Amino acid sequence: MIKLNFSPEIDEKAAAGLLREIAKDPMGGWLNLPKNIDMGEFVRIKEAAKEIQDSSEYLVCIGIGGSYLGHRAIIEALRPHSDAKIIYAGNSLSRRELDYALEKVGDHDFSINVISKSGTTLEPAVAFNEFKKKLIEKYGEEGAYARIYATTDAKKGALHDEAVACGYTRFVVPDNIGGRYSVLTAVGLLPMAVAGVDIDKLLEGASDAVTTAVEPAVKYATMRHTLDSKHYDTEVFASFEPATMYFNEWLKQLFGESEGKDKRGILPDSVIYSTDLHSLGQYIQDGRRNLFETIIDYPTDEMNAKVVKAVQIAHAEGGIPVLTIGVPSYDERGFGELIYFFELACALSAKMMGVNPFDQPGVEAYKAKLNELL
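Below or above, wherever it landed, is the structure these notes cover. (Residues numbered from 1 in each chain as written. Predicted model: local features only at pLDDT ≥ 70, side-chain atom pairs only at ≥ 80, totals over all residues. Heavy atoms only, no water.)

## Let's talk about the side chain of glutamate 235
Part 1 of the argument: In this structure, glutamate 235 sits in strand S7 (residues 234-239).
Part 2 of the argument: Among the polar contacts made by the side chain of glutamate 235, one reaches the side chain of tyrosine 220 at a distance of 2.4 Å. (Helix = DSSP H or I, 4+ residues; strand = E, 2+ residues; numbered from the N terminus. Polar contact = N/O pair within 3.5 Å; in protein donor to acceptor, adjacent residues only side chain to side chain.)

Structure representation (structure tokens):
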């Protein structure tokens, strides 16, 4: 169970009202997802993962934002064993990075998981075209199409239509779940299963959290709202495990896209200690007092535990509000619970600010300008 080192005053009636709002929202499908998982698709995901592991040395995961950050966070944190290694592509427009990924695959056997609701987002579309061409050159069209797994809209869109026409194996991006909340859908479950993550245990942890994470999520959201009202406008997520760097990146997207609108929102940043104590540590200890720190306290060894304690004491004495979130276990169950906790806390926090947690108009504005320039 998630544990907190703070206990703010809670307006329980208001919190209950916000929870009802989230449950009724057209994009609130993630709220009860862990308990209502589509078992037919879940079985298909595990079967596809086994096919990929048996036939491929690499799975190329093509996606950007919520289509890759969540599952990469868990894979990098747990470092599971699998016969198929994951390569990421389509998360930038850097030609160097794309060429590097193509060269890494080389002449090895590989499959593709292309993840896109529409199929028209530029970064993954460019990478998919390149890797699809490489796949066809190696296996021919029929063989190539058998190695493409498309996670996309159930009924429409460019990728959906191509997948139907070419016979790709298809999985669904649910209409009522946005990208940054989608890690517990096929978007995240297929790559994680291929990488060797025990997705049954991950969902067990998330399912438990549907009940156990509500109280701590309300408290955390309330504490963030209180600090925001006192002009603490930057939150530094602090972890003491280097392998959780991408979990911090997922948190930055989750909170940044959910809250950063209408000229509101707390700016999310992140550090990995003790490494960053020797870079950003000086600023955090002695710089502007507009930030607060949220320590994600994973179970760790005795030496690292001392570092956690030292940071909590030193930064608090330096005038920084320090929030600590205790994670029950460093495994699939623990991360399943943590994912759900942060999703719920983020949605509640955005609602407390008076913004929509589930849209991203600023991202759409960038896409429109890019399309004009192209």
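## Considerations on the sheet that holds S7
Part 1 of the argument: One open sheet accounts for five strands, arranged S1-S10-S9-S7-S8; its pairing is mixed. Every interior strand has two partners, whereas the edge strands, strand S1 (3-4) and strand S8 (267-272), have only one.
Part 2 of the argument: Here helix H10 (residues 245-259) sits on the sheet in contact with S7, S8 and strand S9 (291-297), set at roughly 175 degrees to S8. (Pairing = 2+ DSSP bridges. Contact = heavy atoms within 4.5 Å. Axes fitted to C-alpha atoms, helices over the stretch in contact; angles between N-to-C directions.)

## Some words on a nonpolar patch on the surface
Part 1 of the argument: A contiguous nonpolar surface patch, about 260 Å² in accessible area, is contributed by Leu93, Val126 and Tyr366.
Part 2 of the argument: Considering the arrangement of structural elements, one finds leucine 93 in the loop between strand S3 (85-89) and helix H4 (95-105). (Patch = residues over 30% accessible without salt bridge, like charges linked within 9 Å, V, L, I, M, F, W, Y side chains within 5 Å. Areas by Shrake-Rupley, 256 points an atom, 1.4 Å probe, with all protein chains shown as cover. Salt bridge = Lys/Arg side-chain N within 4 Å of Asp/Glu carboxyl O.)

## What about unusual backbone geometry?
Part 1 of the argument: Cis geometry marks the peptide bond from tyrosine 273 to serine 274, where omega comes out at 5 degrees.
Part 2 of the argument: Along the polypeptide, serine 274 turns up in the loop between S8 and helix H11 (281-286).
Part 3 of the argument: Despite not being glycine, aspartate 262 shows a phi value in the positive range, around 55 degrees.
Part 4 of the argument: Locating aspartate 262 in the fold gives a position in the loop between H10 and S8.
Part 5 of the argument: Phi at lysine 263 is positive, roughly 60 degrees, even though this residue is not glycine.
Part 6 of the argument: Mapped onto the fold, lysine 263 is located in the loop between H10 and S8.

## Quick look at the pairing of strand S2 (residues 58-62)
Part 1 of the argument: Most of S2 sits inside the fold, with five of its five residues counted as buried.
Part 2 of the argument: Residues Tyr58, Val60 and Ile62 of S2 are buried on one face, and the alternating residues Leu59 and Cys61, pointing to the opposite face, are buried as well.
Part 3 of the argument: Pairing of S2 with S3, which is carried by five bridges, proceeds in the parallel orientation. Looking across to S3, one finds that valine 60 is bridged to isoleucine 87. (Buried < 20%, exposed > 50% of the residue type's maximum accessible area, 1.4 Å probe, protein only.)

## Looking at the pairing of strand S6 (residues 169-172)
Part 1 of the argument: Sheet topology note: the strand S5 (residues 148-152)/S6 ladder contains four bridges and is parallel. Across the sheet, residue alanine 150 finds its bridge partner in S6, namely arginine 170.
Part 2 of the argument: Between S5 and its parallel partner S6, the chain crosses via helix H6 (residues 158-166), and the hand of that crossover is right-handed. (Right-handed = clockwise from strand over helix to strand, strands pointing away.)

## Considerations on H4
Part 1 of the argument: Three or more residues of H4 are buried, namely Leu98, Ala101, Leu102 and Val105. Along the axis of H4, the buried positions cluster into a sector of 100 degrees, meaning they face one direction only. Residues Arg96, Tyr100 and Glu103 are exposed on H4 and point more than 90 degrees away from its buried face.
Part 2 of the argument: You can read the cap of H4 off the contacts: a side-chain oxygen lies 3.3 Å from the backbone nitrogen of arginine 96, and it is on serine 94.
Part 3 of the argument: With its phi angle positive at about 55 degrees, glycine 106 sits one or two positions after the end of H4. (Arc of directions from axis to C-beta.)

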